[in-house]
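Report on the structure
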Amino acid sequence: MLEVTLIKSGDDFYKLSGADVALFNEYSNVDELIEYDPSTLLEENMAYKISNFSKKEYDGIDILKNTFNATDYNEYSNDLIKDFLLNIVDNIYYFQRITPSMLRPKRLLRISDKLSKPSASFEKIDQGETISLQAEPDAIYYKDKDELCFKNLNAINRFFMGIDSLYREATDDEIKVFLNQNFIKAKEGFFFKQVKVNNRKKIALLKDKYSNCSDDEKSILRGYIHDYDNNLNFKNNSFEINSNKELTNLLRGLDEDYYTKPIEKEKYVANSSIKLNS
């Protein structure tokens, strides 16, 4: 069985002597893996996955693409920086961030019952001599399935630089173009600089949706938004936007987040959605 631990330092990985053990388990209490979608919020028994992960173009992915050979890596020395930790157990790769809080000095009182009578010893550990391990890893890569699993996209950006583009913020230019579409009328006093982070992320996802619709689909979409949010001022086939709140409501409509329960006949807005398998 292959069991090896690496530390990423700068551009290189180094092998950590004496850590040839499995440091983590797979995610516990996860009953369902959901293909990553920014509009899906995880429940307690879920985790995200990205399929065919080795085919992506993120920086840092080469170690997953190539055949792993432990002899290719130099030994880690403690004067090197510690970016993150990678524990490999056969074809499963466990990733954990290394944050400053995980490297803090510690004062330990060790108590043992293994001798003829209980004994205790005091130990002081300096900054950077230990790495605290989390209860579960930040990401798990299954080489056999070519599948990356994780629970928090922000936590894994340092492993694969650029992966946060899956849920990036729209640029100022993209926001200007979005607000200038003919179904939106940004009122005087509401400028692109006032668009807040959550709306910027939503615009990055939806910026081309309306323009990619046919004329019939655009008409249906405008009618759908107006039916569900008649507080949005709708004139001459365009929605007047005076604030971030109104922009949020428009984006919810554009993402088709509104729905009506067929029995209760009440209108609702979905904060998360999961695409059903066909």
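Here the structure is shown first, and the text comes after it.
Described below are features of the structure shown in this document. Every chain is numbered on its own, with residues counted from 1 as its sequence reads. Only residues with pLDDT of 70 or above have their local features reported here, since the model is predicted, and side-chain atom pairs are shown and tallied only from 80 upward, although totals for entire chains, interfaces and linings are computed over all residues. Only heavy atoms go into the side-chain values, all of them from the structure, while hydrogens and water stay out.

Here we look at the packing of helix α4 (residues 215-228) against helix α5 (residues 244-254)
The description of two helices packed together rests on the angle between their axes and the distance between the axes. Rules: Whenever a helix is involved, its axis is fitted only over the stretch in contact; in every case the axis is a line through C-alpha atoms, and angles between N-to-C directions fall within 0 to 180 degrees. Comment: elements are numbered from the N terminus, with helices defined as DSSP H or I runs of at least four residues and strands as E runs of at least two. The labels follow the angle: roughly parallel below 35 degrees, roughly antiparallel above 145, roughly perpendicular from 65 to 115, and oblique for the rest. Put simply, a crossing is left-handed when the front helix is turned counterclockwise from the back one by less than a right angle, and right-handed when it is turned clockwise. Residues are treated as being in contact if the distance between any of their heavy atoms lies within 4.5 Å. Ten residues, namely Ala, Val, Leu, Ile, Met, Phe, Trp, Tyr, Cys and Pro, are considered nonpolar, four, namely Asp, Glu, Lys and Arg, are considered charged, and the remaining ones, Gly among them, are considered polar.
In the contact formed by α4 and α5, the axes pass within 9 Å of each other and the chain directions differ by 130°. Between α4 and α5, the interaxial angle falls into the category oblique. When the axes of α4 and α5 are compared, the crossing they make is right-handed. Contacts between α4 and α5 pair L221, Y224 and I225 from the former with L250, G253 and L254 from the latter. Here the residues of the contact of α4 with α5 are counted per class, giving 5 nonpolar, 1 polar and no charged.

Remarks on unusual backbone geometry
Most of the time, phi is negative for any residue but glycine, and the peptide bond is trans. The line we're drawing: Each residue is placed in one exposure class: buried if its accessible area under a 1.4 Å probe, protein chains only, is under 20% of its type's maximum, exposed if it is over 50%, and partly exposed if it falls in between.
One non-glycine residue, N29, lies in positive phi territory at about 60°. Mapping N29 onto the fold places it in the loop between β2 (12-15) and β3 (32-35). What makes N29 exposed here is its relative accessible area of 64%. Its identity is not glycine, yet N52 carries a phi of approximately 50°, on the positive side. Positionally, N52 belongs in the loop between β4 (46-51) and α1 (62-65). By relative accessible area, which is 47% here, N52 ends up partly exposed.

Digging into the sheet that holds strand β13 (residues 238-241)
Using the following cut-off: One bridge is not enough; two strands pair if DSSP finds at least two bridges between them.
Reading across from one edge, β11-β13-β12 is the order of the 3 strands in this open sheet, with mixed pairing throughout. Edge positions in the sheet fall to β11 (184-186) and β12 (234-235), since each has one partner strand and no second. In the sheet, β12 pairs with β13 via 2 bridges, with the strands oriented antiparallel. Counted as the bridge partner of F234 is F239 from β13.

Looking at the sheet that holds strand β10 (residues 147-150)
Taken in spatial order, the 8 strands of this open sheet run β2-β1-β5-β6-β9-β10-β4-β3, and their pairing is mixed. The open sheet has two edge strands, β2 and β3, and neither has a second partner. Taking the axes of each pair of neighbouring strands and ignoring which way they run, one obtains an average angle of 25° across the sheet. As paired strands, strand β1 (residues 3-9) and strand β5 (residues 84-89) are joined by 6 bridges and run antiparallel to one another. Looking across to β5, one finds that V4 is bridged to I88.

Remarks on the environment of N236
Summarising the element assignment, N236 is placed in the loop between β12 and β13. Distance from N236 to Y58, taken between C-alpha atoms, is 44 Å for residues 178 residues apart in sequence.

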